[in-house]
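Letter by letter, the chains look like this.
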Amino acid sequence: MSKLGNNWKGLRPKWVPSWVSFTFVAFVIFIGVMMFYGESSYVKSNHYTSEINKLKKEIQQNSDSARYYSDKVNELNTDKESLERIAREKYGMKRHNEDVYTTDIP
């Protein structure tokens, strides 16, 4: 026992390099845990980023369709001919002095 004394090199396996210490191993394990577990992990952060990008695309699509329908409403409020055309085509409305015949022929 007096030969070993405080020399820890005798206790280290030969396959472990001399620069590896307990502090280094603990630090690597800590970084690994922080990357893959916990609230602010890399995996969750990557998932949240992809979800944010997906929602931004959805917002863009919805704003485009909202702009389209807003233009249609504006057109119907200002242009009486387009309002009459839609009322005749979609709802089968007619003027008082005309007859409308509908067929099932495409």
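Above: the structure in question.
Rules used throughout
- Residues numbered from 1 in each chain as written.
- Predicted model: local features only at pLDDT ≥ 70, side-chain atom pairs only at ≥ 80, totals over all residues.
- Heavy atoms only, no water.
- Helix = DSSP H or I, 4+ residues; strand = E, 2+ residues; numbered from the N terminus.
- Rg over C-alpha atoms; globule rule 2.2 N^0.38 Å.
- Buried < 20%, exposed > 50% of the residue type's maximum accessible area, 1.4 Å probe, protein only.
- Areas by Shrake-Rupley, 256 points an atom, 1.4 Å probe, with all protein chains shown as cover.
- Lys, Arg positive; Asp, Glu negative; His and termini not counted.
- Charge placed at Lys NZ, Arg CZ, Asp CG, Glu CD.
- Salt bridge = Lys/Arg side-chain N within 4 Å of Asp/Glu carboxyl O.
- Phe/Tyr/Trp six-rings, centres within 6.5 Å; stacked < 30°, edge-to-face > 60°.
- Axes fitted to C-alpha atoms, helices over the stretch in contact; angles between N-to-C directions.
- Parallel < 35°, antiparallel > 145°, perpendicular 65-115°, else oblique.
- Contact = heavy atoms within 4.5 Å.
- Nonpolar A, V, L, I, M, F, W, Y, C, P; charged D, E, K, R; others polar.
- Polar contact = N/O pair within 3.5 Å; in protein donor to acceptor, adjacent residues only side chain to side chain.

A. Region of interest: the overall build of the protein. Helix and strand counts for the protein come out as three helices and zero strands. Listing the helices and strands of the protein from first to last along the sequence gives α-α-α. Radius of gyration (C-alpha) of the protein: 37 Å, far over the 13 Å computed for a compact globule of 106 residues. Across its three principal axes, the protein shows a C-alpha extent of roughly 120 × 35 × 20 Å. Counting the 106 residues in the protein, one finds 5% classified as buried. Summed over all atoms, the accessible surface of the protein reaches about 10600 Å², with 60% contributed by carbon and sulfur. Both charge centroids of the protein, one from 16 positive and one from 13 negative side chains, sit 24 Å from each other.

B. Focus on the pattern of salt bridges. On inspection of all chains with the given rule, the structure shows six salt bridges. Among the salt bridges present, the one from R67 reaches D64, with a minimum N-O distance of 3.2 Å. Remark: D64 and R67 occur in helix α2 (residues 42-78); sequence separation between them is three residues, near one turn of the helix. Its relative accessible area of 35% is what places D64 among the partly exposed residues. For the salt bridge of E75 with K72, the shortest nitrogen-to-oxygen distance reads 3.9 Å. One end of the pair, E75, and the other, K72, are both in helix α2, three residues apart, so they sit about a helical turn from each other.

C. Representation of the environment of I29. Relative to the helices and strands, I29 is located in helix α1 (residues 22-36). A sequence separation of 64 residues divides I29 from M93, and the C-alpha atoms of the two residues are 75 Å apart.

D. Representation of the packing of aromatic side chains. Scanning the entire structure with this criterion turns up one aromatic pair. With a centroid separation of 5.1 Å and an interplanar angle of 70 degrees, the aromatic rings of Y68 and Y69 are classed as edge-to-face.

E. Here's a closer look at the packing of α2 against helix α3 (residues 80-91). Contact pair α2 / α3: the axes reach a minimum separation of 5 Å and the direction vectors enclose 105 degrees. With respect to α3, the element α2 is oriented roughly perpendicular. Touching E75, L76, N77 and T78 of α2 are K80, S82, L83, R85 and I86, all from α3. Residue composition of the contact of α2 with α3, by class: three nonpolar, three polar and three charged.

F. Quick look at the side chain of S82. Within the secondary structure, S82 is located in helix α3. Overall, the relative accessible area of 4% leaves S82 in the buried class. Within the local environment of S82, its side chain forms a polar contact with the backbone oxygen of D79, the two atoms lying 3.0 Å apart. If we ignore the near neighbours within four places in the chain, the residues touching S82 are E75 and L76.

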